[in-house]
Each structure stands twice: as C-alpha cells, then as structure tokens.
Amino acid sequence: METSLSVNIPVYEHQQLSINAFGHSVTMPGHTYGPAVRPYYLIHFILEGKGEFIVNGTHYKLSAGKGFLIEPDYQTVYKADLEDPWTYIWIGFSGKDAWQAMAMLGLSQEQPIFKSEEKETLKTCVMSMIRRNRHNAADTFYSLSMLFLFLSTIAASNQDDSLKGGNLYVDQAIAYIRSHIAEPLKTEDIARYVGLNRSYLSALFKEQTGLSPLKYIQRSRLTKAQHLLESSRLSVASIAYACGYQQPESLMKIFRQQYGMSPSAYRKMIRQQGAVGSV
C-alpha cells in the first residue's frame, strides 16, 4: 500500500516537451509497483527511506538522495524496503525533445541512476506542481518551468558525478539510437547528427561502451525485442518492425542465435514462469 498524491495531465500531440504525470508517494513496507510499462519517460527521486529498482535484469538498491529513470516501453519493478520504506516524488514527461533531454543528463536504461543533494529543491518542484493544477494555460506553463528546474537541478548535481564519466557525444548518439531504433540506422547518420566524423565517433563509442555503434544498435534492437515479448501482446512480426528489422525472419534468426530459442518460444517460457510465480 501507499499514500499517494498523483496527477495525470492531458497531452497534446506534437509538443516538443510535455508533462504526463507527477506526484508524491509515502509507501508501506514491501510495497511493490510493477511489472509495468509506461509510454513516457519517468523520473523518481527518493526523499526518505530505501527500496529496490529492477530493470534489464539489474537490481539497484537505492536510498534517500538517489533517483532513477524509467524509459518508455521498458518493463520495470520497484519495491519499498521492508524495514525502512521509501518516500519518493516523480515526474513523467514526453515529446520530441524528451530523449535529447535525457541524453544531456547522461541518463538511459543502461545508466538509469543519479544522485542529488538538492532534495528540497526537487521536492518543491513537484509539490508546487501539485498545488497549481487547475489545467489552465498559466498552470501549464508554470508546471513546465518546474520540470525544467527539476531537470536543471539533476544536471547540476551530476556534473562531477563519478557514476557517469561518459562522453557527451556518445550519450547523444545513444539517445539518438534509442529514439530512432525502428528506423534504418547508419553510423554515418549518427555521426552527422552529433557533429563528428564517423571514425572519431566510432572510437569514442568503443571506448565508452566496448562496442562499435553498429554492434550497439544490434544489441539495442534485440534488447527491445526481448522487452516487448515480455511485456506486450504484439505479434512477433510487429515487434520485429518496431525494433528496426526489415523482415520478421531477421529477428527470428538473431534471437535464436542469442537465446537458443525462437521469439515465440521465449514468450511462452516467460508467461509460464509468470503463471507459476502467481500460484
């Protein structure tokens, strides 16, 4: 159980950046949310207590002063500590520029964790949005200003954060890849977007990720396909197209090479495991 103040906002199409939801929660011991998938970016920040965030098979033990990002279409679980349950705030947002904002922060599902000592500033942003929530133009602009202050505070807190240590060009390239994963992607196009030549971007990319841009694209497509098989009812063909494969057979081949089974068999296995776990 949790005591929650939650606000959902109607979103207009084609906005550069818009707020979808925000809120404040005081959770009970062991309270669990998920598995869940959301269609927008969502940032949580822990004000008090402890808990666990699970994504991509990785478990993050988090406490007050830490936060985590949830990207669209990724299945996540988070749960409060049994002895010291957390209190947190959150803001959900979307739009054409949302992925670029996350690139500037250096956050992604591979690097979803951040920290900040500006607890009161971040809390004030969200609580101010909750108090001014009359769905008129003035409050809409005010909430957007609080979103930018929220993101600015996180950015300032992480400038010297040793958790990052990345390269801004690579972070922007990764964000571009993730945002355009359903489209044909070439290293030349990504390099042109970030303003570097192909060879230099490839060298930076390999240094930071251990992979070439092409290998990273291939891994990202396969990872997204895995998540969609776990969390959606889309057909295998629809998943293949959503992940940038030109033919469903291409996904089937590479998925079998990676996991030793077909996408359909993998989905069946996951559902059987879920059924056993719910008994």
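Residues numbered from 1 in each chain as written. Predicted model: local features only at pLDDT ≥ 70, side-chain atom pairs only at ≥ 80, totals over all residues. Heavy atoms only, no water.

It is at 10 Å that the axes of helix H4 (residues 168-179) and helix H5 (residues 187-194) come closest, and there the two elements cross at 125°. Considering their axes alone, H4 and H5 lie oblique with respect to each other. For the pair H4 and H5, the crossing hand works out as right-handed. Listed contacts from H5 to Tyr169, Gln172, Ala173, Tyr176 and Ile177 of H4 are Ile190, Tyr193 and Val194. (Axes fitted to C-alpha atoms, helices over the stretch in contact; angles between N-to-C directions. Helix = DSSP H or I, 4+ residues; strand = E, 2+ residues; numbered from the N terminus. Parallel < 35°, antiparallel > 145°, perpendicular 65-115°, else oblique. Left-handed = near helix turned anticlockwise from the far one by under 90°. Contact = heavy atoms within 4.5 Å.)

What follows is about helix H6 (residues 198-209). The first and last C-alpha atoms of H6 sit 16 Å apart over 12 residues, in line with the 16 Å expected at 1.5 Å per residue. Turning to H6, its buried residues are Leu201, Ser202, Leu204 and Phe205. Buried residues in H6, looked at end-on, bunch into an arc of 165°, giving them a common side. Structural note: H6 exposes Ser199 and Glu207 on the side pointing more than 90 degrees away from its buried face. Structurally, H6 contributes buried residues whose contacts are with H4, H5 and helix H7 (213-231). The N-capping residue of H6, defined by a side-chain oxygen 3.2 Å from the backbone nitrogen of Ser199, is Asn197. (Expected span 1.5 Å × (residues − 1). Buried < 20%, exposed > 50% of the residue type's maximum accessible area, 1.4 Å probe, protein only. Arc of directions from axis to C-beta. Polar contact = N/O pair within 3.5 Å; in protein donor to acceptor, adjacent residues only side chain to side chain.)

A side chain with one charge can pair with a side chain of the opposite charge if their charged atoms come near. As enumerated under the stated definition, the model contains 6 salt bridges in all. Of the charged contacts, one joins Glu52 and Lys79 as a salt bridge, the two residues approaching to 3.8 Å between their closest N and O atoms. Here Glu52 is found in strand E5 (residues 50-55), whereas its partner Lys79 is found in strand E8 (residues 76-80), with 27 residues between them in sequence. Residue classification places Glu52 among the buried residues on the basis of a relative accessible area of 9%. (Salt bridge = Lys/Arg side-chain N within 4 Å of Asp/Glu carboxyl O.)

Here the focus is the nonpolar core. Among soluble globular proteins, nonpolar side chains are generally buried collectively. Residues Ile43, Ile91, Phe93, Met102 and Phe150 are the most contacted members of the largest nonpolar core, which totals 49 residues. Those residues in contact with Ile91, other than ones at most four positions away along the chain, are Ile19, Ala21, Phe22, Tyr41, Leu42, Ile43, Val126, Met129, Leu147 and Phe150. Leu42, Ile46, Ala80 and Trp86 belong to the second-largest nonpolar core, a separate cluster that totals 16 residues. (Core = buried A, V, L, I, M, F, W, Y, C linked by side-chain atoms within 4.5 Å.)

This next bit is on the confidence of the model for the chain. Taken as a whole, the chain shows an average pLDDT of 85; of its residues, 90% reach a score of 70 or greater. Within the chain, strand E1 (residues 2-8) has the poorest average pLDDT of any element, 64, and strand E4 (residues 41-48) the best, 95. Confidence drops under a pLDDT of 50 for residues 160-164, and excluding neighbours within four residues, the segment shows 10 contacts in the predicted structure. (pLDDT = per-residue confidence, 0-100.)

Below, the discussion takes up the packing of helix H1 (residues 98-105) against H4. Where H1 contacts H4, the two axes come as close as 8 Å, and the packing angle between them is 150°. In this view, H1 runs roughly antiparallel relative to H4, as classed from their interaxial angle. Relative to H4, H1 is oriented so that their crossing is right-handed. Residues Trp99, Ala103 and Met104 of H1 form the contact with H4, whose participating residues are Leu168, Asp171, Gln172, Ala175, Tyr176 and Ser179.

Taken in spatial order, the 4 strands make up an open sheet running E3-E8-E5-E6, and their pairing is antiparallel. In the strand order of this sheet, the two ends are held by strand E3 (32-36) and strand E6 (58-63), each with one partner. This sheet shows a mean twist of 15° between the axes of neighbouring strands, independent of strand direction. Note: E5 against E8, 5 bridges, orientation antiparallel. (Pairing = 2+ DSSP bridges.)

All right, on to helix H3 (residues 137-157) then. Its 21 residues give H3 an end-to-end C-alpha distance of 30 Å, which sits within 8% of 30 Å, the value for a rise of 1.5 Å per residue. Against the buried residues of H3 lie strand E2 (18-27), E4, strand E9 (87-94), H1, strand E10 (113-115) and helix H2 (119-131). Where H3 begins, the side chain of Asn136 points an oxygen toward the backbone nitrogen of Ala138, at a separation of 3.3 Å.

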